[in-house]
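Here's the letter readout for the chains.
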Amino acid sequence: MSHAGDLLFLLCSTQSRMNQLGATKWIDESRQGTALQPEEPSATSSRKCYIESYGCQMNFNDSEIVAAILKEQGYGLTTDVAQADLVLINTCAIREKAEQTVRKRLQEFKSLKQNKADMLVGVLGCMAERLRHRLLEEEKLVDLVVGPDAYRSLPALIAEAESGQKAVNVLLSREETYADISPVRLNSNGVTAFVSIMRGCNNMCTFCVVPFTRGRERSRSPQSILRECEELFEQGYREVTLLGQNVDSYYWIDPQTQQATTFAQLLEMVAQINPWLRVRFSTSHPKDITDEVLYTMARYPNICKYIHLPVQSGSTRILQLMNRTYTREGYLKKVERIREILPDCGLSTDIIAGFCTETEADHQETLSLMDICEYDMAYMFMYSERPGTLAARRYTDDVPLEVKKRRLQEIVEKERTLALKNMQKEVGKVRTVLIEGPSKRSDQDFCGRTDQNKMVVFPKKHYRKGQYVNVRITGCTAATLLGEVVEETIPEMVA
Ligand code: SAH
Ligand code: SF4
Ligand code: F3S
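Predicted model only: the values in this text are computed from it and were never measured.

## Some remarks on the overall build of the protein
In step 1: A count of helical and extended segments in the protein gives 14 helices and 23 strands.
In step 2: Relative to its full complement of 495 residues, the protein shows a buried share of 61%.
In step 3: Long-range contacts, defined here as pairs at least 24 residues apart, represent 73% of the contacts in the protein between residues at least 6 apart.
In step 4: Of the roughly 20,000 Å² of accessible surface on the protein, 50% is carried by carbon and sulfur atoms.

Spelled out as structure tokens, the structure:
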């Protein structure tokens, strides 16, 4: 039974593709969600589920897996929470604000439930483990709590909850990758899609909650990844983004042949599916990204020349406290390698302002590193202490909020200046763009991305969504390039 058409997702309205591509990218927790249309017309379904997602792209991808599991159970999805029999909130715990937003939403659902007693409310995702007792017992906000590795047990848990019991499964797994589940593509433009290649994280960055919420790192088999990417291509998709917290540590050993597959090899296999399938990936860890990956990128024109390389801080002392296992110099060396091997590569990063003990001098080092790296884009955050993390246990969150705010502001200003400068450098160039769909501002215009992940807006003319066009860049803002398609043949995208 297929109710894909019913499946509507609630995603954040202001979430840009740029956000999504930053891969492990964070939807600004303060923003309101909005309903997005499904690809197929809706069919009727007896039971309706409403899902709201927060956090990184991997979490959004998980919601698509949840949608696939619920579809099998005959559930349709609705964007109207009042119509729902089952309300699910897929949560993020990365910063305090993300958790606060979820709690507020749960209070709202609770008051809705007062008029609709048989409505079930469930918490999924990264807040599940830590807050299950409070959510279930103390605050009685929810009926079911399901952790990121337990989505296969959703049908059984829903049945349990329906019989009046509190249903919980927050067990983390060393094996689960949901490799055999085809995610139901929601909020999709039909051209670009995300494919999770691994789950969890084995690093222990002291500020980070992810290893606790998502468990040990495990990779998905190359066969299942290739199958998913091939299917996407057959369905008309022209770009896949391979997702993982640390894609460079992707590692698969075939149980039969004992043959290993590294991330560079996986990247090559995906690139070989079709020269017209663009490949992106995120997130890279500065300690793990190899020359082999960079050379593979250089060999394949369809592997996009864009790397998201979170630095977190420009100060070696702070990086050590963060347990990032690289120094300022080590990071800069990596960036140099990228520039040598891939001279025309887009580069973005994540930065945390005001980590424990950060001095003005440390902060200045972050600003100067940004200048050296000339980032095209950055995601910037104030440090938020997370209970249970190594930083929370070992260090004092001692940078005053006002100082954190001011430093963040300076980082944001630096980022804007650098981003605009990089955009201006594009003016006059001709770039190959994959058309993603109508531009938000005008239905006379299309938008799409360059290889380097810059959004371009240009007149539609007779071109089509999903097509590659060569666009001459004629102008820019800090976030968008403006251009005109030039009537020339696109060079073959083969090595
Ligand atoms: N795996 C990725 C990042 C995942 S978390 C990596 O290693 O780069 C995404 C981003 O959120 C991080 O890069 C960091 O910049 C930010 N972040 C994580 N924990 C945070 C915290 N406690 N406070 C503020 N920002 C945090
Ligand atoms: Fe968190 Fe570090 Fe793992 Fe990224 S690499 S998810 S920041 S622990
Ligand atoms: Fe992602 Fe947030 Fe979890 S960033 S991995 S949803 S804590």
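## Brief notes about the nonpolar core
In step 1: The biggest cluster of nonpolar side chains holds 96 residues, and the ones touching the most others in it are Leu106, Leu242, Phe263, Phe281, Ile307 and Phe355.
In step 2: For this core, the two domains that each supply at least three residues are domain 1 (37–169) and domain 2 (192–426).
In step 3: Once you skip the residues sitting within four places of it in the chain, leucine 106 turns out to touch Ile89, Val121, Val123, Leu135, Leu141 and Val142.
In step 4: Membership of the second largest hydrophobic core comes to 27 residues, among which are Cys49, Tyr75, Leu77 and Tyr178.

## Regarding the packing of helix H7 (residues 222–234) against helix H8 (residues 263–271)
Two numbers describe a pair of packed helices, the interaxial angle and the distance between the axes.
In step 1: It is the contact of H7 with H8, at a shortest axis distance of 10 Å, that shows an interaxial angle of 30 degrees. Viewed along their axes, H7 and H8 adopt a mutual orientation that is roughly parallel. Between H7 and H8 the crossing geometry is right-handed. Contact with H7, carried on its side by Pro222, Ile225, Leu226 and Cys229, involves Leu266, Met269 and Val270 of H8 and no other residues of that element.

## So, the UniProt feature "binding site: [4Fe-4S] cluster 2" (unreviewed entry) in the protein
In step 1: If you check UniProt for "binding site: [4Fe-4S] cluster 2" (unreviewed entry), the listed places come out as Cys201, Cys205 and Cys208 in our numbering.
In step 2: Mapped onto the secondary structure, cysteine 201 falls in the loop between strand E10 (198–199) and helix H6 (210–214).
In step 3: By relative accessible area, cysteine 201 is classed as buried at 11%.
In step 4: For cysteine 201, the contacting residues outside a window of four places in its chain are Val210, Pro211, Gly215, Arg216, Glu217 and Gln245.

## A look at the packing of H8 against helix H9 (residues 291–299)
In step 1: Two numbers describe how H8 lies on H9: the axes approach to 8 Å, and their chain directions differ by 15 degrees. Looking at the two axes, H8 sits roughly parallel to H9. Considering only the axes of H8 and H9, their crossing is right-handed. Contact residues: Phe263, Ala264, Leu267 and Glu268 in H8; Glu292, Val293, Thr296, Met297 and Arg299 in H9.
In step 2: Residues of the contact of H8 with H9, tallied by class, amount to 5 nonpolar, 1 polar and 3 charged.

## Here's the deal with the packing of aromatic side chains
In step 1: All told, the structure shown has 9 aromatic pairs when counted by the stated rule.
In step 2: Look at phenylalanine 355 and tyrosine 395: their rings are 6.1 Å apart centre to centre, the planes differ by 85 degrees, and that puts the pair in the edge-to-face class. Pair noted here: phenylalanine 355 is in the loop between strand E17 (346–353) and helix H12 (360–373) and tyrosine 395 is in the loop between helix H13 (390–394) and helix H14 (401–426), with a separation of 40 residues, a long-range link. Accessibility assignment for this pair places phenylalanine 355 and tyrosine 395 in one class, buried.
In step 3: These aromatic residues form a ring-pair network of at least three members: Phe207, Phe355, Tyr383 and Tyr395.
In step 4: Cation over ring: arginine 238 sits above phenylalanine 233, and NZ or CZ is 4.0 Å from the ring centre.
In step 5: Above the ring of phenylalanine 446, the side-chain terminus of lysine 460 is found at 5.3 Å from the ring centroid.

## As for the environment of arginine 328
In step 1: As for its placement among the helices and strands, arginine 328 is situated in helix H11 (residues 328–341).
In step 2: Under the relative-accessibility criterion, arginine 328 is labelled buried at 10%.
In step 3: Sequence separation between arginine 328 and arginine 317 is 11 residues; the distance between their C-alpha atoms is 8.9 Å.
In step 4: Apart from the residues lying within four places of it in its own chain, the contact partners of arginine 328 are Gly314, Thr316, Leu319, Glu365, Ser368, Leu369 and Ile372.
In step 5: Side-chain polar atoms of arginine 328 contact the backbone oxygen of glycine 314, separated by 3.0 Å.
In step 6: Engagement of the side chain of arginine 328 in a polar contact is seen with the side chain of serine 368, the distance being 2.9 Å.

## Some remarks on the site of ligand 2
In step 1: In the vicinity of ligand 2, the contacting residues are Cys201, Asn203, Cys205, Phe207, Cys208, Val210, Pro211, Gln245, His285 and Arg324.
In step 2: Split into classes, the residues belonging to the shell around ligand 2 amount to 6 nonpolar, 3 polar and 1 charged.

## Comments concerning the pairing of strand E21 (residues 455–459)
Two faces, one strand: in a regular strand the side chains alternate between the faces of the sheet.
In step 1: For E21, the buried fraction is high: 4 of the 5 residues fall into the buried class.
In step 2: Looking at chain direction, strand E20 (residues 445–450) and E21 are connected through 5 bridges and run antiparallel. Along E21, the bridge assignment pairs cysteine 447 with valine 457.
In step 3: Between E20 and E21, which pair antiparallel and follow one another directly, the connecting turn spans 4 residues, one of which, asparagine 453, has a positive phi of 75 degrees.
In step 4: Where E21 meets strand E23 (residues 480–485), 3 bridges bridge the pair, whose relative direction is parallel.

Cut-offs used in this document
- What you see as residue numbers is a count from 1 along each chain, following the sequence as written.
- Labels follow written order: the first chain is A, the first ligand is 1, and so on.
- In view of the model being predicted, local features appear only for residues whose pLDDT reaches at least 70, and side-chain atom pairs are presented and counted only at 80 or more, with totals across whole chains, interfaces and linings using the full set of residues.
- By convention in this description, side-chain values take in all heavy atoms of the structure and omit both hydrogens and water.
- Numbering of helices and strands runs from the N terminus, with a helix taken as a DSSP run of H or I at least four residues long and a strand as a DSSP run of E at least two residues long.
- Here's how the labels work: a residue is buried when its accessible area is under 20% of the maximum for its type, exposed when over 50%, partly exposed in between, all with a 1.4 Å probe on protein chains only.
- Contacts are assigned to residue pairs that have any heavy atoms within 4.5 Å of one another.
- Note that accessible areas follow from Shrake-Rupley with a 1.4 Å probe, and for residues the cover is restricted to the protein chains shown.
- Nonpolar core, defined: a set of buried Ala, Val, Leu, Ile, Met, Phe, Trp, Tyr and Cys residues in which side-chain atoms within 4.5 Å join the residues together.
- For the domains described, the bounds stem from an automatic or database domain assignment.
- An axis is simply a line fitted to the C-alpha atoms; with a helix, the fit covers only the stretch in contact. Between two such axes, the angle follows the N-to-C directions and lies from 0 to 180 degrees.
- Reported orientations rely on four angle classes, namely roughly parallel under 35 degrees, roughly antiparallel over 145, roughly perpendicular from 65 to 115, and oblique for the rest.
- A clockwise turn of the near helix away from the far one marks a right-handed crossing, whereas an anticlockwise turn of less than a right angle marks a left-handed crossing.
- UniProt positions are given in the numbering used here, feature names are shortened, and annotations may be inferred rather than shown by experiment.
- Charged means Asp, Glu, Lys or Arg here, nonpolar means Ala, Val, Leu, Ile, Met, Phe, Trp, Tyr, Cys or Pro, and polar covers whatever is left, Gly included.
- Two aromatic rings from Phe, Tyr or Trp, using only the six-membered ring of Trp, form a pair when their centres are within 6.5 Å; if the ring planes differ by under 30 degrees the pair is stacked, by over 60 it is edge-to-face, and anything between is tilted.
- By definition, being over a ring means that NZ of Lys or CZ of Arg is both within 6 Å of the ring centre and within 35 degrees of the ring normal.
- Side-chain atoms alone can form a polar contact between residues adjacent in sequence; in general such a contact is a pair of N or O atoms within 3.5 Å, and within protein one must be able to donate a hydrogen while the other accepts it.
- We call a residue near a given molecule or strand whenever any one of its heavy atoms falls within 4 Å of it.
- When DSSP locates at least two bridges between a pair of strands, those strands are taken to pair.

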